[in-house]
Amino acid sequence: MIASPALRLILDSDALAANWRWLAARNPGAACGAAVKANGYGLGAVQVVQRLAATGCRDFFVATWDEAERLGPLPDGCALSVLHGVREADVPAARSIIARPVLNSTEQVVRWRQLAPDDPCDIMVDTGMNRLGLTPEQALSGLLDGLAIDVLMSHLACADEAAHPMNDAQLNAFAELKRRIKARRYSLANSAGICAGDGFAFDLTRPGIALYGGIQRSEADGHIRPVVQPEAEILQLRDVPASATIGYGATFTTPYPMRVAILNLGYADGYLRCFAGNGSAMAGEVSCTVLGRVSMDLIAVDVTGADVREGDWLRLDYHLPSASAATGLSQYELLTGLGSRYQRRWT
Ligand SMILES: *Cc1c(COP(=O)(O)O)cnc(C)c1O
């Protein structure tokens, strides 16, 4: 038998569903999908897909065929797209797994024509981000003629900045592509793009971070709920006298006698060193500051005045916008960095 871990993520099913519903309701004329790449942004892709499918989501996006395979069969009526398309090495997987590739380059389009010319595929066109995707010229060159395109998509570079001129430039470029390339559906908006206004939604939106509690734009404030709550167990309590140091590098010196809790959580769990001096955990209603450096598997927090015992669990302060502001990590990094050592417990 394997002992149960001393760190866990409490994952809120109701909040996940409510976030999807709020995002879907921004654009009643469009379907709302879900990006579940990187193991559902660290939460667990299988569990996320189950819950969102039960809420009404039908279109899911992963990055790779490996992720598609790990997801296993999707719930009835749901479809999966693989954002990185089909490399030569992906051909066997693309033959056996039921999912659409998102074709990004001329080479990928040619490969797909040899592999499954009549099967539906998605197409990514780059409208200014210069990441994955065909150039508009390639997309309009006749390269796509005769393909069964389900979703023609592009991706916004700056949708989290409401006033950025890239947003309208990309919107206009995509609208022009829509006029000239026939597809069953058109899709442009990620989480932030959904807040950018009706014109960005087209037929299908592709939120990721906002489903999981990330807030990229002020429009989402007060609507998007936190989904992820990390908790760690107290492995040891110690009374540290004044003028002693704590942790690697002896970077923290106790200004007065402190009661210190050692928690089972460290940078190998995505709780990176930038939380030193910035992080805290809650013991009941008492906020407990992280003291000294974050170790690989451990942190020390100040529990002076808190009523705690060895074996108690503390809630880490992990509200994504404030943790991001405090550490300089993006909300995406804060989620996807959460490691494999947590027990993931859905409420
Ligand atoms: C990751 C991704 C999304 C989701 O983006 P968020 O910013 O997390 O909402 C949508 N579309 C594509 C192509 C992506 O790679």
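A. Focus on the overall build of the protein. Assigned secondary structure in the protein consists of 11 helices and 19 strands. Referenced to the eigenvectors of the C-alpha coordinate spread, the extents of the protein come out at roughly 75 × 50 × 35 Å. Out of the 347 residues in the protein, the part that is buried amounts to 52%. Once local pairs closer than 6 in sequence are excluded, the contacts in the protein between residues at least 24 apart make up 64%. Surface summary for the protein: the accessible area is close to 15600 Å², and the carbon and sulfur share equals 50%.

B. View of the nonpolar core. Counting residues in hydrophobic clusters, the biggest one holds 102 residues, and the most contacted among them are V36, L43, F60, I123, L144 and L152. For this core, the element with the highest residue contribution is helix α1 (residues 13-26), accounting for 6 residues. Both domain 1 (12-213) and domain 2 (228-346) contribute no fewer than three residues apiece to this core.

C. Just a nonpolar patch on the surface, in detail. Where nonpolar side chains cluster on the molecular surface, the patch consists of Y267, L272 and M296 and spans about 250 Å² of accessible area. For Y267, the location among the structural elements is in the loop between β14 (258-263) and β15 (280-283).

D. Quick look at the site of the ligand. The immediate surroundings of the ligand are formed by 14 residues, with K37, Y41, S191, I209 and Y332 found nearest. Between the ligand and G208 there is a distance of 2.9 Å, counted from an oxygen atom to a backbone nitrogen or oxygen. One of the side-chain N or O atoms of Y332 is found 2.6 Å from an oxygen atom in the ligand. When isolated, the ligand has an accessible area of 390 Å², and the protein chains bury 93% of it. Grouping the amino acids of the shell around the ligand by side-chain chemistry returns 7 nonpolar, 4 polar and 3 charged.

E. Local environment of the domain arrangement of the protein. Along its sequence, the protein is organised into domain 1 (12-213) and domain 2 (228-346). Spacing between the C-alpha centres of domain 1 and domain 2 amounts to 37 Å. Contacts between the two partners involve 13 residues from domain 1 and, on the opposite side, 8 residues from domain 2. Surface buried jointly by domain 1 and domain 2 totals about 1100 Å² across both partners, of which 68% is contributed by carbon and sulfur atoms. By the criterion of area lost to domain 2, the three top residues of domain 1 are Y41, L43 and I209, representing 46% of everything that side buries. Linking domain 1 with domain 2 are 1 residue pair in polar contact (both at pLDDT 80 or more). Broken down by secondary-structure element, the contributors of at least two residues to the side of domain 1 that touches domain 2 are α1, α2 (37-41) and α3 (45-55). In terms of residue class, the side of domain 1 that touches domain 2 is made up of 7 nonpolar, 4 polar and 2 charged.

F. Molecular detail of the sheet that holds strand β6 (residues 100-103). The 7 strands lie next to each other as β3-β4-β5-β6-β7-β8-β9, forming an open sheet whose pairing is parallel. Each having just a single partner strand, β3 (34-35) and β9 (185-187) make up the two edges of the open sheet. Bridge analysis of strand β5 (residues 79-82) against β6 gives 2 bridges, and the strand direction is parallel. Bridge pairing in β6 places S81 opposite R100.

G. The packing of aromatic side chains, seen in detail. Evaluation of the coordinates by the stated rule reveals 5 aromatic pairs. Measuring from centroid to centroid gives 4.8 Å for Y41 and Y212, while their planes differ by 35 degrees, and the two rings are tilted. Linking Y41 in helix α2 with Y212 in the loop between β10 (204-205) and β11 (228-240), this pair joins segments that are 171 residues apart in sequence. We classify Y41 as buried; its relative accessible area is 6%. Residue Y212 is classed as buried on the basis of its relative accessible area of 0%. Both rings, one in Y271 and one in F275, keep their centres 4.0 Å apart while their planes meet at 15 degrees; by these two values the pair is stacked. Judged by relative accessible area, which is 2%, F275 ranks as buried. Three or more aromatic residues joined by ring pairs form one cluster here, namely Y41, Y212 and Y332.

Conventions and cut-offs
Residues numbered from 1 in each chain as written. Predicted model: local features only at pLDDT ≥ 70, side-chain atom pairs only at ≥ 80, totals over all residues. Heavy atoms only, no water. Helix = DSSP H or I, 4+ residues; strand = E, 2+ residues; numbered from the N terminus. Buried < 20%, exposed > 50% of the residue type's maximum accessible area, 1.4 Å probe, protein only. Contact = heavy atoms within 4.5 Å. Areas by Shrake-Rupley, 256 points an atom, 1.4 Å probe, with all protein chains shown as cover. Core = buried A, V, L, I, M, F, W, Y, C linked by side-chain atoms within 4.5 Å. Domains from an automatic or database assignment. Patch = residues over 30% accessible without salt bridge, like charges linked within 9 Å, V, L, I, M, F, W, Y side chains within 5 Å. Salt bridge = Lys/Arg side-chain N within 4 Å of Asp/Glu carboxyl O. Near = heavy atom within 4 Å. Polar contact = N/O pair within 3.5 Å; in protein donor to acceptor, adjacent residues only side chain to side chain. Nonpolar A, V, L, I, M, F, W, Y, C, P; charged D, E, K, R; others polar. Buried area = accessible area lost by both parts, 1.4 Å probe. Pairing = 2+ DSSP bridges. Phe/Tyr/Trp six-rings, centres within 6.5 Å; stacked < 30°, edge-to-face > 60°.

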